[in-house]
Amino acid sequence: MSTQFPEELTGFDCKQCAGKLDFDFSFAYQPIVDLQAGQIWGYEALVRGLQGESAFQVLARVNDSNRYAFDQACRVKAISLAAELGLQQILSINFLPNAVYEPAHCIRSTLAAAERVGFPTERIMFEITESEQVHDPEHLTRIFRYYSEQGFITALDDFGAGHAGLTLLARFVPGLMKIDMELVRDIPTHRAKQVIVTALINICRELNITLLAEGVETAAEKDWFLEREVYLMQGYHFARPGFQCLPTVSF
């Protein structure tokens, strides 16, 4: 099945972003909770196959020839499906920095999709995984700065898992940082992880970055972060991703 979007959703003259994919896909949505407020703060859109196949299976089909079209299609589909589901919170979308050749031009499909379905752009958060190989760090910095200037929330995902680490953070201060789940796992009993994450908490407070613990699977992990006033969390302890739906959350 191919995926092609109307001209008004592809930036009109954006030849690299427009076009067809030789596969289709959908999304699962995983809640992000705010335990201080006792409510759902947002949902992360996680790419899936049409029958719920994993993100790995979908992303394995992305290559240099379809990367632009896939990235643009992801944004449009995530926003459109979120609107259909009646999502009222923050919508977090992962993007491929190597697919954005010019920030102002490549954001046009996102803006058009949001306007078409009536989804406020100030409720859209763009995540870039810190573990993704970025060919041009300066270009990524320009993307982040432009998105921030347009009112989008910016986030570093999987922080602590990749090659860039603090060097990437020194280039651009995002609105939000997501601690990689490997640092979260078993943190109540793992001294080295405690020291590392405590340092990250202090860094984020100094830089006014909101911190989010992802991959929280146990009450003990939740309580460890609560004691340190990290209130945004995401993980199976609260809810598994809902395929094409907004799942019930357990606080």
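If you're wondering where the values come from, they're calculated on a predicted model, not measured in any experiment.

Points about the overall build of the chain
Inference 1: Secondary structure assignment for the chain yields nine helices and nine strands.
Inference 2: Counting all 251 residues of the chain, 53% fall into the buried class.
Inference 3: When contacts within the chain are restricted to residue pairs at least 6 apart in sequence, long-range pairs at least 24 apart make up 67% of them.
Inference 4: As displayed, the chain has an accessible area near 11500 Å², and 49% of this comes from carbon and sulfur atoms.

Side note on unusual backbone geometry
Inference 1: Positive phi values are uncommon outside glycine, yet Asp 186 reaches one of about 60 degrees.
Inference 2: Following the sequence through the fold, Asp 186 ends up in the loop between helix H7 (181-184) and helix H8 (191-207).
Inference 3: The class for Asp 186 is partly exposed, based on a relative accessible area of 45%.
Inference 4: Unlike most non-glycine residues, Asn 208 shows phi in positive territory, near 60 degrees.
Inference 5: Along the chain, Asn 208 falls in the loop between H8 and strand E7 (210-214).

Some details on helix H4 (residues 108-117)
Inference 1: Three or more residues of H4 are buried, namely Ser 109, Thr 110, Ala 112, Ala 113 and Ala 114.
Inference 2: After H4 finishes, the residue Gly 118 shows a positive phi value of roughly 75 degrees.

Quick word on H8
Inference 1: Its 17 residues give H8 an end-to-end C-alpha distance of 25 Å, which sits within 8% of 24 Å, the value for a rise of 1.5 Å per residue.
Inference 2: Every buried residue of H8 is accounted for by Lys 193, Gln 194, Val 197, Leu 200, Ile 201 and Cys 204. Axial view of H8: buried residues confined to an arc of 130 degrees, hence all on one face. Summarising the geometry of H8, the exposed residues directed more than 90 degrees from the buried face are Arg 191 and Glu 206.
Inference 3: In this structure, the buried residues of H8 make contact with strand E5 (153-159), strand E6 (176-179), H7, E7 and helix H9 (219-227).
Inference 4: Just beyond H8, the residue with positive phi is Asn 208, at close to 60 degrees.

A closer look at the pairing of strand E1 (residues 26-34)
Inference 1: Extensive coverage of E1 is indicated by the burial of nine of its nine residues.
Inference 2: Burial along E1 is two-sided: the residues Ser 26, Ala 28, Gln 30, Ile 32 and Asp 34 and Phe 27, Tyr 29, Pro 31 and Val 33 are all buried.
Inference 3: Across nine bridges, E1 lies against strand E2 (residues 39-48) in antiparallel orientation. Bridge pairing in E2 links Pro 31 to Tyr 43.
Inference 4: From the end of E1 to the start of E2, which pair antiparallel, there are four residues, and Gly 38 there has a positive phi angle of about 70 degrees.
Inference 5: Pairing geometry for E1 and strand E9 (residues 242-243), over two bridges, is antiparallel. Bridge pairing links Tyr 29 to Gly 242 in E9.
Inference 6: In this sheet, strand E8 (residues 232-234) lies alongside E1 in antiparallel orientation, the contact comprising two bridges. By the bridge assignment for E8, Val 33 is matched with Met 233.

Scoring rules and cut-offs
Residues numbered from 1 in each chain as written. Predicted model: local features only at pLDDT ≥ 70, side-chain atom pairs only at ≥ 80, totals over all residues. Heavy atoms only, no water. Helix = DSSP H or I, 4+ residues; strand = E, 2+ residues; numbered from the N terminus. Buried < 20%, exposed > 50% of the residue type's maximum accessible area, 1.4 Å probe, protein only. Contact = heavy atoms within 4.5 Å. Areas by Shrake-Rupley, 256 points an atom, 1.4 Å probe, with all protein chains shown as cover. Expected span 1.5 Å × (residues − 1). Arc of directions from axis to C-beta. Pairing = 2+ DSSP bridges.

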